[in-house]
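Descriptive structure summary
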Amino acid sequence: MSFVDTQLHAALVRVLAGVQHDVLRRRVIALSNRYRCERVDDSTPGMSDDLDCLAYAVVRMPATCRALHAALLAADRHVVSTFTTHLDLGGGTGAAAWAAAAVWPEIATETVEREPAAIRLGRRLADGEHVVAGNQSAPLAGARWTAADLRHWSAHRQVDLITIGYVLNELSDAARRDLIDTAARTAGTVVIVEPGTPRGHRRMLDARDQLIEQGLTIAAPCPHQAGCPLVPADWCHFAVRLPRTELHRVLKDGTRNYEDEKFSYLVATRAPAHPAPARVIGRPARPKGRVILDLCTTAGSREQTVVPKSSNSYRAARSTTWGDGWSGQRS
């Protein structure tokens, strides 16, 4: 487990003390069905009471935290800026606060969330916990929550960073556009994460077009500002692998000790940016004596690059993974 996995797991164990697992499991099943269907239903939000929030925190929060962490690492790598103030919109129980503190230990996060139960649990998870990065530690007890419905929310201050994680699928088309416009006016950098599905990809493309119209530069994952080169039957997404705890496996009827979280993401900024020369958008193939990389390029095209064993780039290609930047060497 990474440091953020370990400490988030410890916080979850603490808040789950005394909760009956069979009751929690029924909520987990309902939550999983809602997530798979990407269902939008404002009258029955996914975290409307304490048990819903606990179910989400156990089975979804570690995965969303890992995906957000990957997107924020891309922002740290490709945006030339100092991130000290952070608004997380629709942040639920605080996955983005944990992820951001792991990348920038001193960052101050305010989570905007409409469900009181999610706010209560987020505060309980954060209370007294620290996310440690290198030799530094950041108290999550310093994270703040603001109760607000994003459909009627307006920003009251400028911030360095806004994150919108797994939220766009819960909003109407008009509400999504309003939220993206507000984020673009409020933050120097906007990071969006959505499920790694065809619908998630389409929502990401709409947000991408909107942010470019607002004058922001796409820093990641795209290495260009042109239209997406993928055909409609394909979609851009990535994956992170995270460990499953024993409780997680029991609640989800899982047998593996890990799971892969597939996600789409976008980093857009008004700060100076240096996008990757190319992005690996599929799992590299490694037949004998060569590596085959599926790339999105600075020209706005999709290309396949074959790196033979005789190439000076072969060792770098062998260690390159899905989602990495590529310039003839891993980046």
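Look a little higher up for the structure.
Residues numbered from 1 in each chain as written. Predicted model: local features only at pLDDT ≥ 70, side-chain atom pairs only at ≥ 80, totals over all residues. Heavy atoms only, no water.

Some words on the nonpolar core
Membership of the largest hydrophobic core comes to 65 residues, with the highest contact counts inside it found for Trp98, Trp104, Tyr265 and Val267. One finds Val159, Val167, Ala184 and Leu216 within the second-largest nonpolar core, a separate group that totals 28 residues. (Core = buried A, V, L, I, M, F, W, Y, C linked by side-chain atoms within 4.5 Å. Buried < 20%, exposed > 50% of the residue type's maximum accessible area, 1.4 Å probe, protein only.)

Some details on the pattern of salt bridges
Inspection of the entire model under this criterion finds 14 salt bridges. Here Arg120 ties to Asp50 by a salt bridge, and the two come within 2.8 Å at their closest N and O atoms. In this pair, Arg120 sits in helix H6 (residues 116–126) while Asp50 sits in helix H3 (residues 50–59), placing the two residues 70 residues apart along the sequence. Each of Arg114, Glu115, Asp149 and Arg151 takes part in salt bridges that share partners, so that together they form one network. (Salt bridge = Lys/Arg side-chain N within 4 Å of Asp/Glu carboxyl O. Helix = DSSP H or I, 4+ residues; strand = E, 2+ residues; numbered from the N terminus.)

Here's the deal with the packing of aromatic side chains
To describe a pair of aromatic rings, you give the distance between the ring centres and the angle between the ring planes. For the coordinates displayed, the defined rule picks out four aromatic pairs. Ring geometry for Phe238 versus Tyr265: centroids 5.5 Å apart, planes at 55°, classification tilted. Of the two residues, Phe238 sits in strand E9 (residues 238–243) while Tyr265 sits in strand E10 (residues 258–269), which places them 27 residues apart along the sequence. Here Phe238 matches Tyr265 in class, with each residue buried. Their ring planes at 35° and their centres at 5.9 Å tell us that Phe263 and Tyr265 sit as a pair that is tilted. Taking relative accessible area as the criterion, Phe263 reaches 2% and is therefore assigned buried. What links up through ring pairs into an aromatic cluster is the set Phe238, Phe263 and Tyr265. Over the ring of Tyr166 we find Arg60, and its NZ or CZ is 5.6 Å from the ring centre. (Phe/Tyr/Trp six-rings, centres within 6.5 Å; stacked < 30°, edge-to-face > 60°. Lys NZ or Arg CZ within 6 Å of the ring centre and 35° of its normal.)

Thoughts on unusual backbone geometry
With an omega dihedral of 0°, the bond running from Ala220 to Pro221 counts as a cis peptide bond. Its place among the elements puts Pro221 in the loop between strand E8 (217–220) and E9. For Tyr166, which is not glycine, the phi torsion reads 55° and is therefore positive. Relative to the helices and strands, Tyr166 is located in the loop between strand E6 (159–165) and helix H7 (173–186).

Details of the side chain of Thr189
Of note, Thr189 is situated in strand E7 (residues 187–195). On the basis of relative accessible area, Thr189 is assigned to the buried category, the value being 0%. Those residues in contact with Thr189 that lie beyond four places of it in its chain are Val79, Phe83, Asp160, Leu161, Ile162, Val267, Ala268 and Thr269. (Contact = heavy atoms within 4.5 Å.)

Re the packing of H7 against helix H8 (residues 198–213)
Look at H7 against H8: their axes get within 10 Å of each other, and the N-to-C directions meet at 40°. It follows that H7 is oblique to H8 by the angle criterion. As for the relative orientation of H7 and H8, their crossing is right-handed in sense. Mapping the contact onto sequence places Arg176, Arg177, Ile180, Asp181 and Ala184 in H7 and Arg203, Ala207, Gln210, Leu211 and Glu213 in H8. Residues belonging to the contact of H7 with H8 are distributed by class as follows: four nonpolar, one polar and five charged. (Axes fitted to C-alpha atoms, helices over the stretch in contact; angles between N-to-C directions. Parallel < 35°, antiparallel > 145°, perpendicular 65-115°, else oblique. Left-handed = near helix turned anticlockwise from the far one by under 90°. Nonpolar A, V, L, I, M, F, W, Y, C, P; charged D, E, K, R; others polar.)

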